[in-house]
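Coordinate inspection notes
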Amino acid sequence: MLKFTLKRLASLLLVLIGVSFLVFMLLSLTPGDPVRMMLGESATPEAQEALRKEMGLDDPLLVQYGRYMKNIVVHQDLGTSYSTQRPVLDEIMNVFPNTVQLAVAAMVIAIILGIFLGIISAVKQNSLLDNIVMVLALIGTSAPIFWIGILMILLFSVQLGWLPPSGFGSFEQLIMPAVALGMQSTAVVARMTRSSMLEVIRQDFVKTARAKGQREIVVILKHVFRNALIPIITVVGLQFGTLLGGAMLTEVVFSIPGVGRLMIEAIKQRDFPIVQGSVLFVAACFSLVNLAVDLLYAVVDPKVSKE
Amino acid sequence: MEKQNLLDIKNLSVEYKTEDGIVYAVNELNMEIGHKETLGFVGETGAGKTTTAMTIMGLLPTPPGKVTSGEILFDGRDMLKISDKERRGILGEEISIIFQDPMTSLNPSMKVGDQIVEMIRLHKTISKKDAMEEANKLLEMVGIRRERANDYPHQFSGGMKQRVVIAIALACQPKLIIADEPTTALDVTIQAQVMNLIKGFKETLGTSMILITHDLGIVAEICDKVAIMYAGQVVEYADVESIYMNPCHPYTKGLFNSIPKLDTEEEWLEEIHGLPPEPTERIEGCSFSPRCPNCMKICKHKKPGITYIDEKHYVRCFLYENQEVKTDE
Ligand SMILES: Nc1ncnc2c1ncn2[C@@H]1O[C@H](COP(=O)(O)OP(=O)(O)OP(=O)(O)O)[C@@H](O)[C@H]1O
Ligand code: SF4
Ligand SMILES: [Mg+2]
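Residues numbered from 1 in each chain as written. Chains lettered and ligands numbered in written order. Predicted model: local features only at pLDDT ≥ 70, side-chain atom pairs only at ≥ 80, totals over all residues. Heavy atoms only, no water.

Residues and elements named next belong to chain B. Under the domain assignment used here, chain B contains domain 1 (7-94 + 172-328) and domain 2 (105-171). Between the C-alpha centres of domain 1 and domain 2 there is a distance of 30 Å. Contact residues are listed per partner, giving 18 residues for domain 1 and 13 residues for domain 2. When the two sides are added together, the surface that domain 1 and domain 2 hide from each other amounts to roughly 1,300 Å², 71% of it contributed by carbon and sulfur. Of all residues in domain 1, Cys172, Leu197 and Phe201 bury the most surface against domain 2, accounting for 42% of the area lost on that side. Viewed at the interface, domain 2 and domain 1 are joined by zero salt bridges. The interface formed by domain 1 and domain 2 contains five residue pairs in polar contact (both at pLDDT 80 or more). (Domains from an automatic or database assignment. Contact = heavy atoms within 4.5 Å. Buried area = accessible area lost by both parts, 1.4 Å probe. Salt bridge = Lys/Arg side-chain N within 4 Å of Asp/Glu carboxyl O. Polar contact = N/O pair within 3.5 Å; in protein donor to acceptor, adjacent residues only side chain to side chain.)

Okay, structure coming up:
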């Protein structure tokens, strides 16, 4: 178990190094000069040159990358924002809780609603209800977040005036973004729950449970659902990563100050340290969640923990 | 005949709706089991044995399965008509089942002890602790150390899993145990051990049993009665002695002839030619007629009814209709 965890941590590190390198190189290829953005078009070439030197931007790319990585490892420093001159980590941590709150809210919706719908449609396989749920799930997985988000704003804010169209902080402000963001994941979780339940439901031990005279609802929850859980945990874990990504889009649609909005603003302003830092940060979150999911298996499946 | 049977199945028909058409799995099946009797239920694969067993327990998957006619009287109650609640009271408490494949018949994420406790606590109001103690005793009874109650099924071998399944089946001392090929999935060396275990309990507890098997040797050893099943029908039903001394139906004769004889070179003395009918087609006349060596003209057009050879021995075959006297000679 410990060995497994360490191995996973090592590969996680490799992934993060790869991500940072890729992002670094990609950003250096993007058009737009941060120095000119910072000083404005009117700055003299000398002033630009001086700033460029000061920031180390005229060193070879690999040297710049090395310096960046060294700062991260030695000083836990992701650099300084070009536009605000504050540490990147501070900027991210400022808004990260909002992103997490949004993603968690969406996740809770996806887990509760997705599992509930999935179980119902597995138990009533091929019924009208099952078909309706599956069609909804198909729509849910294929409709883009920003489209759903905009439709929801039009309906609930503009037309009905029930919910605020933007901002963050109150419960009312959380509802629409969380639902819009959670929609896709709900659909994915529902479909996985259904297929995993159907896989288990035909197995013999379910008949054994029924042959004991056990009530059907207990058979479904205690015997079937428990054994259908592993694939469901996997998608839930993967969805959490996806949700972090989706949260960025949602943040833009609903004007929520989160990592996504921070990143988009930074891209507009060619604030490379922020962009790099956020991508690396999100990648780290994503990988950690996946690791947590793997460790969770051990709790659910006695076979894994004994190995 | 005078005293009431424990289980009485009359004219039972079951079909499955599948993409290839309707599968006629059980066709007008008749059989009965008295108290403390063991019935051997023999037939080729696909004959409908498991379907019959599941229907008795009310666990036939519907859809695709459907009971189209008949009644199943268990201790005077029609299992096809009782409420779900009443059935849940009977299952486990009065009828229990041992499935063919022990690898899959235990819940992989539950400790085996808990799986026995679940059975006990469903039918008895006792504390968790007492139920656990009972479960441990049951494990010891089937030859498993009590400490192993805390292990998960994957930590057991096939034979031991089947012992656990047997412990679950015995937990409430049911009146009837259905054992659906309880040893076919096990190693040959273990088969005999498990069979002896089953035999032992059947005798000490005095339960009735339906033993589904392909093994006529086991039938001779532990059964009181035999039902030979072919294409969803019991074609011959009799006491064990009667059927071994005087097999009547051509299919039964074929079965006995296909038992390997150790003292001859040939492995199969005489096998039954041809294949069982496609379960989706309905054969006009006797369902065994395409393979029957004694097939007559009438067999192709009419279905044979039940003919009693003697009081406890019936056969579905035209060879015996209107001429019981002749075969009794
Ligand atoms: N769930 C099902 N759906 C459709 N057809 C089925 C189903 N279960 C069984 N059948 C069909 O019903 C017929 C009887 O099957 P059953 O399992 O009762 O046979 P069996 O006598 O138990 O055979 P075996 O010795 O192989 O266990 C077979 O033709 C089988 O294909
Ligand atoms: S009824 Fe005819 S075909 Fe059927 S078993 Fe008897 S002799 Fe054979
Ligand atoms: Mg079977």
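Our focus in this paragraph is the site of ligand 1. All names here are of chain B. Not every one of the 16 residues close to ligand 1 is listed here, only the nearest: Thr45, Gly46, Lys49, Thr50 and Thr51. The backbone of glycine 48 places a nitrogen or oxygen atom 2.9 Å from an oxygen atom of ligand 1. Contact between ligand 1 and threonine 51: an oxygen atom at 2.5 Å from a side-chain N or O atom of the residue. Out of a free accessible area of 630 Å², ligand 1 has 70% covered by protein chains. Those elements that place two or more of their residues in the shell around ligand 1 are strand E1 (7-18), strand E2 (21-33) and helix H1 (49-57). Considering every element that reaches the shell around ligand 1, the biggest residue donor is H1, with three residues. Class assignment for the residues of the shell around ligand 1 results in six nonpolar, seven polar and three charged. (Near = heavy atom within 4 Å. Areas by Shrake-Rupley, 256 points an atom, 1.4 Å probe, with all protein chains shown as cover. Helix = DSSP H or I, 4+ residues; strand = E, 2+ residues; numbered from the N terminus. Nonpolar A, V, L, I, M, F, W, Y, C, P; charged D, E, K, R; others polar.)

What follows is about the sheet that holds strand E7 (residues 176-180) of chain B. Residues and elements named next belong to chain B. Read from one edge of the open sheet, eight strands run E6-E7-E8-E3-E9-E10-E12-E11, paired in mixed fashion. With partners counted over all chains shown, the strands left at the sheet margins are strand E6 (95-98) and strand E11 (307-310), one partner each. Each strand axis lies, on average, 20° off the axis of its neighbour in the sheet, ignoring direction. Sheet topology note: the strand E3 (residues 38-43)/strand E9 (residues 225-230) ladder contains five bridges and is parallel. If you follow phenylalanine 41 over to E9, its bridge partner there is alanine 227. Strands E6 and E7 of the sheet are contacted by helix H5 (residues 158-170), whose axis makes an angle of about 175° with E6. (Pairing = 2+ DSSP bridges. Axes fitted to C-alpha atoms, helices over the stretch in contact; angles between N-to-C directions.)

Residue and element names in this part refer to chain B. Ordered by their spatial adjacency, four strands build an open sheet running E2-E1-E4-E5, and the pairing between neighbours is antiparallel. The sheet is open, and its two edges are formed by E2 and strand E5 (77-78), each paired on a single side. Inspection of the sheet shows strand E4 (residues 65-74) paired to E5 by two bridges, in the antiparallel sense. Bridged to phenylalanine 74 within E5 is arginine 77. Strand contacts of H1: E1, E2 and E4, with the helix running at about 110° to E1, the strand carrying the most contacts.

A separate point is the interface of chain B and chain A. Each side of the interface is counted separately: chain B has 26 residues, and chain A has 17 residues. If you sort the residues of chain B by the area they bury against chain A, Arg88, Ser109 and Glu118 of chain B come out on top, with a joint share of 26%. The tally of links between chain B and chain A comes to two salt bridges. In this structure, the salt-bridge partner of lysine 212 of chain A is glutamate 118 of chain B, at a minimum N-O distance of 2.8 Å. The interface formed by chain B and chain A includes 12 residue pairs in polar contact (both at pLDDT 80 or more). The biggest single contributor to the side of chain B that touches chain A is helix H3 (residues 112-123) of chain B, with five residues. Here the residues of the side of chain B that touches chain A sort into 14 nonpolar, nine polar and three charged.

The next thing to look at is the pairing of E9 of chain B. Residue and element names in this part refer to chain B. Burial of E9 is extensive: six of the six residues sit out of reach of the surface. Every second residue of E9 is oriented toward a common face, with Lys225, Ala227 and Met229 on one face and Val226, Ile228 and Tyr230 on the other, all of them buried. Between E9 and strand E10 (residues 233-239), which follow one another and run antiparallel, lie two residues, and alanine 231 among them has a positive phi close to 45°. (Buried < 20%, exposed > 50% of the residue type's maximum accessible area, 1.4 Å probe, protein only.)

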